[in-house]
Amino acid sequence: MAKEKRRPGVALESTIYAFGLPYPKNVELGWKLARTIAAAGAEAKTFAVVDGELRAGLTDGELDRIARGAEGGVVKLAASDLGPAMALGLTGATTVSATMALARGAGLRVFATGGIGGVHRDAAETFDESQDLTALARYPVAVVSAGAKAVLDLPKTVERLETLGVPIVGYQTAELPAFYTRTSGIKLALTVNDVPTLARVVHAHWRIHPHVGLLVANPIPVEHALPQALIDDAIARAIADAKDAGVRGKALTPFLLKRLADITEGKSVDANIALAENNARLAGELAVALHALFGDDDGPHLVRSP
Ligand code: PSU
Ligand code: MN
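1. Considering the overall build of the protein
Item 1. Along the backbone of the protein there are twelve helices and ten strands.
Item 2. Computed over its C-alpha atoms, the radius of gyration of the protein comes to 18 Å, within 12% of the 19 Å expected for a compact globule of 306 residues.
Item 3. A buried classification covers 53% of the 306 residues belonging to the protein.
Item 4. Working note: accessible area of the protein is about 13,700 Å², and carbon and sulfur atoms make up 55% of it.
Item 5. Across the protein, 32 positive and 34 negative side-chain charges occur, with their mean positions spaced 4 Å apart.

Take a look at the structure:
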């Protein structure tokens, strides 16, 4: 069979729908992200596991089923959960790590999400660090996100990415964005201001490190950013509530996002939707620009001898 020609495409995760946003706003966001990516000239593919089958692209019915989350028997899948989920016929939403693990196999180099997982604030005691971090070091995908979720310890998250050798590229920002807000006080070593330059950075990175991902940090649009005091207070309350309720591990991130939505009366949900859309737009543009640089050529171009 002739090798299928690659087309610019963007991977989307499904945990943001199943465990990050309320129904039916999550389904509507799924449709919206697909339209945004199409408008940029690329094709969106949402990843999930449906009855044990790996999917790159979901029907409307499947998206709806995934978006109902735990109530519909949907489980949360990190990269390490994929094999067991296939073998056992589970239906699950893919996190950033699981989506990264699958994206290149589906011909996709670019992935849009809201914010990656990272090092939790009490990690010194709990050791709770998201598999998203090791996935970035392991799978060659450019992940466009609004930084890491603000409920995390952002300085530790940045340090861990540095240890893992994952470049963080600020898009039109010199600071790591903090998901609901544009700034974190954490200066980035690398800023690019336009998509062609971003594509050249990603392309050059893969000449040297063909198997390592990148994090593109794209701040929430100014008009959708939440006031710093409002979100700081809400996060402190949500984390205290999680401690009181003894929530840990896989359940922690979904619990915190749900509490933030309640405490902010939906403002965190609106901000999350706005930043996800903003990331989808940049990811679509990046996918098109990278396609022009790579064409169908997916091989590494290593250091040349004189
Ligand atoms: N970003 C969002 N909402 C989310 C997530 C990220 O805006 O729900 C999800 C992603 O799927 C990410 C996961 O991979 O949270 C991280 O979970 P954990 O901390 O358990 O690794
Ligand atoms: Mn965790």
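2. Looking at the pairing of strand S10 (residues 214-217)
Item 1. Here S10 shows no split at all, with Leu214 and Val216 on one side and Leu215 and Ala217 on the other all buried.
Item 2. Of the pairings in the sheet, the one linking strand S7 (residues 142-145) to S10 comprises four bridges and is parallel in character. Along S10, the bridge assignment pairs Ser145 with Ala217.

3. Some points on the packing of helix H10 (residues 228-245) against helix H11 (residues 252-263)
Between two packed helices, both the angle of their axes relative to each other and the distance between the axes serve to describe the pair.
Item 1. With their axes 9 Å apart at the nearest point, H10 and H11 run at an angle of 130 degrees to one another. By the angle between their directions, the pair H10 and H11 is classed as oblique. The way H10 lies across H11 gives a crossing that is right-handed. Touching Ala234, Ile235, Arg237, Ala238, Ile239, Asp241, Ala242 and Ala245 of H10 are Leu252, Phe255, Leu256, Arg259, Leu260 and Ile263, all from H11.
Item 2. Among the residues making up the contact of H10 with H11, the classes are represented as eleven nonpolar, no polar and three charged.

4. Overview of a nonpolar patch on the surface
Item 1. A grouping of Val75, Leu88 and Leu90 is seen on the molecular surface, where their side chains present a nonpolar patch of about 250 Å² in accessible area.
Item 2. Residue Val75 is classed as partly exposed on the basis of its relative accessible area, which comes to 32%.

5. Side note on the pairing of strand S8 (residues 168-171)
Item 1. Taking every second residue as pointing to the same face, both faces of S8 are buried, with Ile168 and Gly170 on one and Val169 and Tyr171 on the other.
Item 2. Here S8 pairs with S10 via three bridges, running parallel. By the bridge assignment, Val169 is partnered in S10 with Val216.
Item 3. Bridge count between S8 and strand S9 (residues 191-192): two bridges; the pairing is parallel. Following the sheet pairing, Tyr171 is matched in S9 by Val192.

6. Describing the site of ligand 1
Item 1. Every one of the 17 residues lining ligand 1 counts as a neighbour, but Glu13, Lys76, Ser130, Asp132 and Lys149 are closest to it.
Item 2. Contact between ligand 1 and Val96: an oxygen atom at 2.8 Å from a main-chain N or O atom of the residue.
Item 3. A distance of 2.8 Å separates an oxygen atom of ligand 1 from a polar atom in the side chain of Thr253.
Item 4. Where the shell around ligand 1 is concerned, the elements lending two or more residues are helix H1 (15-20) and H11.
Item 5. The dominant element in the shell around ligand 1, judged by the number of residues it contributes, is H1, at three residues.
Item 6. Partitioning the shell around ligand 1 into residue classes produces four nonpolar, nine polar and four charged.

7. Focus: the confidence of the model for the protein
Item 1. On average, residues of the protein carry a pLDDT of 94, and 94% of them reach 70 or more.
Item 2. Here residues 299-304 is modelled with pLDDT under 50, and outside its nearest four sequence neighbours on either side it reaches four contacts, counting other chains as well.

8. Some remarks on helix H9 (residues 195-208)
Residues that lie three or four places apart on an α-helix share one face, since the helix turns once every 3.6 residues.
Item 1. In this model H9 runs 20 Å from its N-terminal to its C-terminal C-alpha over 14 residues, within 8% of the 20 Å that 1.5 Å per residue would give.
Item 2. Listing the buried residues of H9 in full gives Val195, Leu198, Ala199, Val202, His203, His205 and Trp206. The buried residues of H9 occupy an angular sector of 160 degrees when projected down its axis, which confines them to one face. For H9, exposure combined with an orientation more than 90 degrees from the buried face picks out Pro196, Arg200 and Ile208.
Item 3. Considering only its buried residues, H9 is in contact with S7, S8, S9, S10 and helix H12 (267-294).

9. Description of the side chain of His205
Item 1. Relative to the helices and strands, His205 resides in helix H9.
Item 2. A polar side-chain atom of His205 sits 3.0 Å from the main-chain carbonyl oxygen of Val212.
Item 3. Apart from the residues within four sequence positions on either side, His205 is in contact with Pro167, Val212, Gly213 and Leu214.

10. Details of the pattern of salt bridges
Item 1. Counted according to the given criterion, the structure contains 13 salt bridges.
Item 2. For the salt bridge of Glu62 with Arg55, the shortest nitrogen-to-oxygen distance reads 2.1 Å.
Item 3. Between Lys156 and Asp153 there is a salt bridge; the shortest N-O distance is 2.9 Å.
Item 4. One connected set of salt bridges, linked through shared partners, spans Asp241, Lys258, Arg259 and Asp262.

Conventions used here
- Residues numbered from 1 in each chain as written.
- Chains lettered and ligands numbered in written order.
- Predicted model: local features only at pLDDT ≥ 70, side-chain atom pairs only at ≥ 80, totals over all residues.
- Heavy atoms only, no water.
- Helix = DSSP H or I, 4+ residues; strand = E, 2+ residues; numbered from the N terminus.
- Rg over C-alpha atoms; globule rule 2.2 N^0.38 Å.
- Buried < 20%, exposed > 50% of the residue type's maximum accessible area, 1.4 Å probe, protein only.
- Areas by Shrake-Rupley, 256 points an atom, 1.4 Å probe, with all protein chains shown as cover.
- Lys, Arg positive; Asp, Glu negative; His and termini not counted.
- Charge placed at Lys NZ, Arg CZ, Asp CG, Glu CD.
- Pairing = 2+ DSSP bridges.
- Axes fitted to C-alpha atoms, helices over the stretch in contact; angles between N-to-C directions.
- Parallel < 35°, antiparallel > 145°, perpendicular 65-115°, else oblique.
- Left-handed = near helix turned anticlockwise from the far one by under 90°.
- Contact = heavy atoms within 4.5 Å.
- Nonpolar A, V, L, I, M, F, W, Y, C, P; charged D, E, K, R; others polar.
- Patch = residues over 30% accessible without salt bridge, like charges linked within 9 Å, V, L, I, M, F, W, Y side chains within 5 Å.
- Salt bridge = Lys/Arg side-chain N within 4 Å of Asp/Glu carboxyl O.
- Near = heavy atom within 4 Å.
- Polar contact = N/O pair within 3.5 Å; in protein donor to acceptor, adjacent residues only side chain to side chain.
- pLDDT = per-residue confidence, 0-100.
- Expected span 1.5 Å × (residues − 1).
- Arc of directions from axis to C-beta.

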